[in-house]
Amino acid sequence: MTSNEAICKRISDLCNEQNISYYTLASRAAIPKSTLKNILSGTNPTVATINKICNGLSITMYEFFHSEYFEDCEDD
């Protein structure tokens, strides 16, 4: 799995865990819905954007990346 695929899966899992929509996450993270949609469609996010997403999910970046998805990422 690529790093971007891992990021997408992690965002999806966390939204499901918190029972929130992508729209709600974008609002909480203070990022445009289009930015989140682009990430989920394959655009690589910046570290700053991932940090905003983490803030919207009320988790740390460590918690975000502390997932089996990121253990064996392939180069994009």
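We now turn to the structure provided with this report. (Residues numbered from 1 in each chain as written. Predicted model: local features only at pLDDT ≥ 70, side-chain atom pairs only at ≥ 80, totals over all residues. Heavy atoms only, no water.)

**Notes on the environment of Leu40**
Then comes step 1: For Leu40, the position within the fold is in helix 3 (residues 33–40).
Then comes step 2: Overall, Leu40 belongs to the partly exposed group, its relative accessible area being 26%.
Then comes step 3: In this structure, the C-alpha to C-alpha distance between Leu40 and Ile7, residues 33 residues apart in sequence, is 8.3 Å.
Then comes step 4: Not counting the four nearest positions on each side in its chain, Leu40 is found in contact with Cys8, Ile11 and Tyr22. (Helix = DSSP H or I, 4+ residues; strand = E, 2+ residues; numbered from the N terminus. Buried < 20%, exposed > 50% of the residue type's maximum accessible area, 1.4 Å probe, protein only. Contact = heavy atoms within 4.5 Å.)

**Considerations on the side chain of Arg10**
Then comes step 1: Within the secondary structure, Arg10 sits in helix 1 (residues 3–18).
Then comes step 2: Buried charged residue Arg10 carries no salt bridge. Nearest counter-charge: Glu17, at 4.5 Å.
Then comes step 3: Once residues lying within four places of it in the same chain are set aside, the contact partners of Arg10 are Glu17, Glu63, Phe64, His66, Ser67, Tyr69 and Phe70. (Lys, Arg positive; Asp, Glu negative; His and termini not counted. Salt bridge = Lys/Arg side-chain N within 4 Å of Asp/Glu carboxyl O.)

**Quick notes on a negative patch on the surface**
Then comes step 1: On the surface, a cluster of negative charge is made up of Glu5, Glu68, Glu71, Asp72, Glu74 and Asp75.
Then comes step 2: Following the sequence through the fold, Glu68 ends up in the segment after helix 5 (61–65).
Then comes step 3: Glu68 gets classed as exposed once you look at its relative accessible area, which sits at 62%. (Patch = residues over 30% accessible without salt bridge, like charges linked within 9 Å, V, L, I, M, F, W, Y side chains within 5 Å. Areas by Shrake-Rupley, 256 points an atom, 1.4 Å probe, with all protein chains shown as cover. Charge placed at Lys NZ, Arg CZ, Asp CG, Glu CD.)

**Some details on the nonpolar core**
Then comes step 1: With 19 residues, the main nonpolar core has Ile7, Ile11, Leu25, Leu36, Ile53, Leu57 and Phe64 as its most contacted residues.
Then comes step 2: Broken down by secondary-structure element, the contributors of at least two residues to this core are helix 1, helix 2 (22–29), helix 3 and helix 4 (47–57).
Then comes step 3: Per-element accounting of this core gives the leading share, five residues, to helix 1.
Then comes step 4: Residues in contact with Leu25, not counting those within four places in the same chain, are Ile11, Cys15, Ile20, Leu36, Ile53, Gly56 and Leu57. (Core = buried A, V, L, I, M, F, W, Y, C linked by side-chain atoms within 4.5 Å.)

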